[in-house]
Amino acid sequence: MTTDRSSRGVVRVCLVDDQTLVREGIRGLLDLADDVEVVAEATDGDEGLAVIATHRPDVVLLDLRMPRLDGIGLLEELAARGAPMPAVLVLTTFNDDELVLRALRAGARGYLLKDVTLEQLVAAIHRLADGGTLVQPAITAGLLERLGSRTADRPSLPVPPELTPREHDVLGLVAAGFPNREIAEALHLSAGTVKNHVSSILLKLGVRDRTQAVLRALELDLVDPSG
Amino acid sequence: MTTIDTDRLTQSTAWLGIGTTLAVAIPVVVAQLAGDVHELLRSPVGWWTAYLVFVAVLVADVRGWAGSQTTTGQRIVVAIMAVSGLVAVAMSPAYGFSVVLPIVTATAATFVIGFRPALVLTAGQAVLIMLVYVAVPGVGVGDAVLQGVAWGGFMGFAVFTVEVGAREGRAREHLAVLNDELAETNARLARTNVELEEAQRQLAVQSRTAERLRISRDLHDLIGHQLTALSLQLEAAGHRGAGAATDNVERSRAIARDLLGDVRDVVGRLREDGAHDDLAAALRDAATVAGPMAVELEVDDDALPTDAERATTVLRVVQESVTNAVRHADARNLWIRVGEAGSGVVVEVRDDGRGSPDLVPGHGLTGMRERVEAVGGTVETSTSAGGGFHLRASLPGPARP
């Protein structure tokens, strides 16, 4: 009832949060969306790893502060296993800047505060399921600023990499969170060409995925946070 | 100070004894030159031999008077003096000044072998002097006894006088030692007091920080999660359509979101800005030291870390440095600078204390180093005897995992 994406099938979601009330709230909200299905819940990182392995969800909604294995630990463990990484959306109660940044660096594809509206949450889940990111450049730039990370003194890359004008355009849209298919439509290119541009951008920025590319681009002032 | 005076007086007494002894020979020399020495001395050769032995031993042991230990060598010296002195008396019963030698022996004995042995020696000398006079033809027993008692009394007087002086000296020395101990105890007490105040202040800062973090955690854990859940439930309720109540649900949802926003602000302030403001105040607190040491603190506010971990580390470095300076350095001045270094922060500490050629890091310095290294920083120290102590702790910028 809330989106027009049902034609592309139901997105399967796992919910990992130690707070029962919060899990109930989010599940209750997502029950209202026809095209999102919560296939499993977990109360900590260890359980989360198990249900992800069993259910192979499209998107994982992940809390960061949990007992035993926390959200960061789960992300690191997923990356260490080398299996295809599910799209992970971090949900936080508070603006835990440092934790969120660590989660993004550990492979999360986006983050939201937990008291989202149904529309925001469903849109975010679909964007991640489509291969996009939800890094919210304006907020992330502030986050990098506050943590003192958005400075030119990162020793690993003394010279900002040379991107072609086309790659700049693509990077801007990647930073805005769009998946390749939508970038292709916007720039009137084929999906394959966009894919090649993205691969080249990742290579030049020295990062392994789109989220990292956005963070690096923000740090290097390669994209306008407000755009 | 008192010890040196006593020693000097003792030496003067010894030289006075030597002078008096030498004076004894003057009338004898005059008599020799005049050719009538036999009127004074029964045997000039015997007298001179005994006299010179006496003088030689006396001069040789002049340093021994001031010693506090009685050695066998000194006992022998006193014995030789007693024997040679009495032989000199025996060789010259007609020359009364010869008795000066036993008197000097009694005086020296009090210094060298102690009060009681000197008294015994004196009594022995008095008896022997008496016997010498008894043996002299023409001297009655009554006169001989009088001679013995008179000279015995004179020698006893010398022994007692020396002992009274010695006891007074010892009492003064004891008093001086007590005074020194008292001064040291006082200094230790002052240092302990400073440390105690320092510990109290640290405790106050720590409990303030702990209390703030506890409130922040409670807000986060207890209220944050409930409000989030409430907000999500109201969001769902709004979408399900609650008929006439839809408006109320939506307003409730807005209120819940606002409340959560407020809680977020408070938690954020407690965690960050609070830590920042508190850090500046806590640093000033840490640098306020009772006692004679002056602390100069220079803080670049822009350099102060905003995250709790590094802020606490900076505070610990400063607190530990102040404590160390108070406890070990004996410094008059302590300079502390907290400044920016690249994206990080550096704490530089310098004092004008006594320093140390080989620094042995105690628990404080080791703990400080561990804390700094835990946040990726380094601690360098340098010190030399009399050259004060210098410490530089460098912390990197905020953590970038």
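Residues numbered from 1 in each chain as written. Chains lettered and ligands numbered in written order. Predicted model: local features only at pLDDT ≥ 70, side-chain atom pairs only at ≥ 80, totals over all residues. Heavy atoms only, no water.

Participant: Before we go on, may I ask you to explain the environment of Leu283(B) in this structure?
Facilitator: Residue and element names in this part refer to chain B. The topology assignment puts Leu 283 in helix 8 (residues 273-287). C-alpha separation for the pair Leu 283 and Leu 297, spaced 14 residues apart in sequence, amounts to 8.3 Å. In this structure Leu 283 touches Leu 297, Val 299, Leu 304, Val 314, Leu 315, Val 318 and Val 338, once residues within four positions along its chain are discounted. (Helix = DSSP H or I, 4+ residues; strand = E, 2+ residues; numbered from the N terminus. Contact = heavy atoms within 4.5 Å.)

Participant: I tried to follow the sheet that holds strand 4 (residues 87-92) of chain A on my own but got confused; where do I start?
Facilitator: By definition, the strands of a sheet pair up through backbone hydrogen bonds, in either a parallel or an antiparallel sense. All names here are of chain A. Read from one edge to the other, the open sheet built from five strands follows the order 2-1-3-4-5, with strand pairing classed as parallel. The open sheet terminates on both sides in strands that have one partner only, identified here as strand 2 (36-42) and strand 5 (110-113). Taking each pair of neighbouring strands and ignoring which way they run, the sheet shows an average axis angle of 25°. Sheet topology places strand 1 (residues 11-16) next to strand 2; six bridges connect them, and they run parallel. The residue of strand 2 that forms the bridge with Arg 12 is Glu 37. (Pairing = 2+ DSSP bridges. Axes fitted to C-alpha atoms, helices over the stretch in contact; angles between N-to-C directions.)

Participant: Help me out: how do you make sense of the domain arrangement of chain A in this one?
Facilitator: Interface size is often expressed as the accessible area that is lost when the parts come together. All names here are of chain A. By the assigned domains, chain A splits into domain 1 (6-134) and domain 2 (151-219). With centres defined by C-alpha atoms, the gap from domain 1 to domain 2 works out at 24 Å. The interface is formed by 13 residues belonging to domain 1 together with 16 residues belonging to domain 2. Considering only the surface of domain 1 that becomes buried against domain 2, Arg 105, Arg 127 and Thr 133 emerge as the three largest contributors, covering 51% of it. Summed over the shared surface of domain 1 and domain 2, the result is eight residue pairs in polar contact (both at pLDDT 80 or more). Tallying contributions element by element places helix 4 (residues 97-105) first for the side of domain 1 that touches domain 2, with three residues. (Domains from an automatic or database assignment. Buried area = accessible area lost by both parts, 1.4 Å probe. Polar contact = N/O pair within 3.5 Å; in protein donor to acceptor, adjacent residues only side chain to side chain.)

Participant: How do you make sense of unusual backbone geometry when you look at a structure like this?
Facilitator: Glycine aside, residues mostly have negative phi angles, and peptide bonds mostly take the trans form. Residue and element names in this part refer to chain A. A positive phi angle, close to 45°, is found at Arg 56, a residue other than glycine. As for its placement among the helices and strands, Arg 56 is situated in the loop between helix 2 (45-55) and strand 3 (59-63). Judged by its relative accessible area of 59%, Arg 56 is exposed. Phi angles above zero are rare outside glycine, and His 188 is one such case at about 55°. Here His 188 falls in the exposed class, since its relative accessible area comes to 73%. (Buried < 20%, exposed > 50% of the residue type's maximum accessible area, 1.4 Å probe, protein only.)

Participant: I keep staring at the layout of surface pockets and nothing clicks. Help me out?
Facilitator: Residue and element names in this part refer to chain B. Here the second largest pocket defines a volume of roughly 950 Å³. Looking at the second largest pocket, it is lined by 36 residues, and the ones nearest its centre are Thr 10, Trp 65, Phe 111, Val 162 and Ala 166. Of all the secondary-structure elements, those providing two or more residues to the lining of the second largest pocket are helix 1 (2-34), helix 4 (100-112) and helix 6 (141-240). Counting residues per element, the lining of the second largest pocket draws most heavily on helix 6, which supplies 13 residues. Here the residues of the lining of the second largest pocket sort into 16 nonpolar, 14 polar and six charged. (1 Å grid on protein atoms, 1.4 Å probe; cavity = no way out; pocket = protein on both sides within 12 Å on 5 of 7 lines; lining within 4 Å. Points joined across faces, edges and corners; volume = space filled by probe spheres on them. Nonpolar A, V, L, I, M, F, W, Y, C, P; charged D, E, K, R; others polar.)

Participant: How should I be thinking about the pattern of salt bridges in this particular structure?
Facilitator: It is possible for side chains bearing opposite charge to pair when their charged atoms get close. Applying the stated rule across the entire model yields 20 salt bridges over all chains. A salt bridge links Asp17(A) to Lys114(A); the shortest N-O distance between them is 3.0 Å. With a gap of 97 residues between them, Asp17(A) in the loop between strand 1 and helix 1 (20-30) and Lys114(A) in the loop between strand 5 and helix 5 (118-129) connect regions that are remote in the sequence. Judged on exposure class, the residue Asp17(A) and its partner Lys114(A) are both buried. Salt-bridge contacts for Arg172(B) lead to Glu168(B); the nearest nitrogen and oxygen are separated by 3.5 Å. One end of the pair is Arg172(B) and the other is Glu168(B), both in helix 6 and four residues apart, which spans about a single turn. Classification of Glu168(B) as partly exposed rests on a relative accessible area of 48%. Look at the salt bridges and you will find they share partners, linking Asp130(A), Arg181(A), Glu182(A) and Glu185(A) into a network. (Salt bridge = Lys/Arg side-chain N within 4 Å of Asp/Glu carboxyl O.)

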